[in-house]
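Architecture and fold: a report
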Amino acid sequence: MNLEQQSKKTLDAWQASARYWDKYRALIAQMFAPLTSGLIEEARIGIDQTVLDIGGGSGEPSLTISEIVGPTGSVIYTDPVAGMVETAQAEAGRRDLANIQFKQCSADDLPFADETFDAAVGRLSAMFFVDPVTALREALRVVRNDGYVSFAVWSPKEVNPFFSTVNDVVDRFVESPKEDPDAPDAFRFAAPGKLAANLENAGAEQVIESKLNFRIEAAISFEQFWQLRTEMSESLRKQMAGLAPAQLPAIKQAAADAAKRYFVTGQMSFPAQALIVTGRKPAG
Ligand SMILES: C[S@@+](CC[C@H](N)C(=O)[O-])C[C@H]1O[C@@H](n2cnc3c(N)ncnc32)[C@H](O)[C@@H]1O
């Protein structure tokens, strides 16, 4: 598959996912809030700043950062997928946020002048960039000299049972297609040092990778978790569509057994790990 085909496949999948990311927006904001806090801290985001969000999906971290930078600061949300931009923009409207602007664009071709932003961040988006070094170079181009760029990506699925408990069970019943490890995927930058090396290749200085251990928590039952996972993930939606309806109860029961220890309090609580990779644009 060439880069153009790869890009189309990735963006089509996200377009199909947009309605589910909108449906679960409140849970997503809550479950992944520690990643947003990590990005805000590592990219030194504060009041008055102008911040770029790359691959903002249903609106995070843009919506949270808009409160941090305040009315005298601003956030520019970007995402290449029309469905994502629409849902994020609608939410900002519902919240009456005046300091966010929205732009549909891809990370590898940012329609902004050099040195427009104090900082650029991406939460769980860098692993889907079709051409990561070009995209990271673009992020560095549009931040000011000495400005920070910071990206949150998942650590391996072995330390992220939020994903592996359901995926491993479904994989036992329906084979998932073997992907190139460098193709866009949630765990593409899970190996320590991989995204950091890309950021250094793109020209960043003082690149630091920090491991963030946290818990993905929400007051939901296994039943609600099952629905959320099987709706939000494009690959799971495809795998589930290939199953005979009669197989479903056994699969769901196997997943419930595997997930039992993460619901002991009657609520969901998964251990999780992500990497926050941060670098600085060289001083002019
Ligand atoms: C896992 S979602 C994360 C969304 C949001 N930042 C969050 O954390 O809830 C990944 C996002 O990356 C976006 N994405 C995919 N390819 C991209 C690209 N080439 N440039 C920028 N964003 C991209 C998708 O459209 C999707 O919204």
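Residues numbered from 1 in each chain as written. Predicted model: local features only at pLDDT ≥ 70, side-chain atom pairs only at ≥ 80, totals over all residues. Heavy atoms only, no water.

**Re the overall build of the chain**
From N to C terminus, the chain includes eleven helices and seven strands. The C-alpha atoms of the chain give 19 Å as radius of gyration, which agrees with the globular expectation for 284 residues (19 Å, within 12%). If one aligns the C-alpha atoms of the chain with their principal axes, the spans along those axes are about 60 × 40 × 30 Å. Counting the 284 residues in the chain, one finds 55% classified as buried. Counting only contacts in the chain whose residues sit at least 6 apart along the sequence, the fraction spanning at least 24 positions is 84%. Counting only carbon and sulfur atoms, one obtains 51% of the accessible surface of the chain, whose full area is about 12900 Å². Of the charged side chains in the chain, 28 are positive and 37 negative, and the gap between their average positions amounts to 5 Å. (Helix = DSSP H or I, 4+ residues; strand = E, 2+ residues; numbered from the N terminus. Rg over C-alpha atoms; globule rule 2.2 N^0.38 Å. Buried < 20%, exposed > 50% of the residue type's maximum accessible area, 1.4 Å probe, protein only. Contact = heavy atoms within 4.5 Å. Areas by Shrake-Rupley, 256 points an atom, 1.4 Å probe, with all protein chains shown as cover. Lys, Arg positive; Asp, Glu negative; His and termini not counted. Charge placed at Lys NZ, Arg CZ, Asp CG, Glu CD.)

**Some thoughts on the packing of aromatic side chains**
A full pass over the atoms with the stated rule returns 20 aromatic pairs. Judged by centre distance (6.1 Å) and plane angle (90°), the rings of Phe129 and Phe151 are edge-to-face. With Phe129 in the loop between strand S4 (117-123) and helix H6 (132-142) and Phe151 in strand S5 (residues 143-154), the pair connects residues that are 22 residues apart, well separated along the chain. These aromatic residues form a ring-pair network of at least three members: Phe32, Trp154, Phe162, Phe163, Phe187, Phe214, Phe222, Phe225, Trp226, Tyr262, Phe263 and Phe270. (Phe/Tyr/Trp six-rings, centres within 6.5 Å; stacked < 30°, edge-to-face > 60°.)

**Concerning the site of the ligand**
Around the ligand there are 19 residues in total, and Gly55, Glu60, Asp79, Ala107 and Arg123 lie nearest to it. Within the backbone of Glu60, one N or O atom sits 2.8 Å away from a nitrogen atom of the ligand. Contacts to the ligand include Ser106, whose side-chain N or O atom sits 3.0 Å from a nitrogen atom. If the ligand stood free it would expose 590 Å²; the protein chains cover 98% of that surface. Among the elements that take part in the shell around the ligand, helix H1 (residues 3-23) stands out by supplying three residues, more than any other. Taken together, the residues that form the shell around the ligand break down as eleven nonpolar, five polar and three charged. (Near = heavy atom within 4 Å. Polar contact = N/O pair within 3.5 Å; in protein donor to acceptor, adjacent residues only side chain to side chain. Nonpolar A, V, L, I, M, F, W, Y, C, P; charged D, E, K, R; others polar.)

**What about H6?**
Counting buried positions along H6 yields eight of eleven residues, so the element is predominantly enclosed. For H6, the set of buried residues is Pro132, Val133, Ala135, Leu136, Glu138, Ala139, Leu140 and Val142. Buried-residue contacts for H6 involve strand S1 (50-54), S4, S5, helix H8 (194-201) and strand S7 (268-280).

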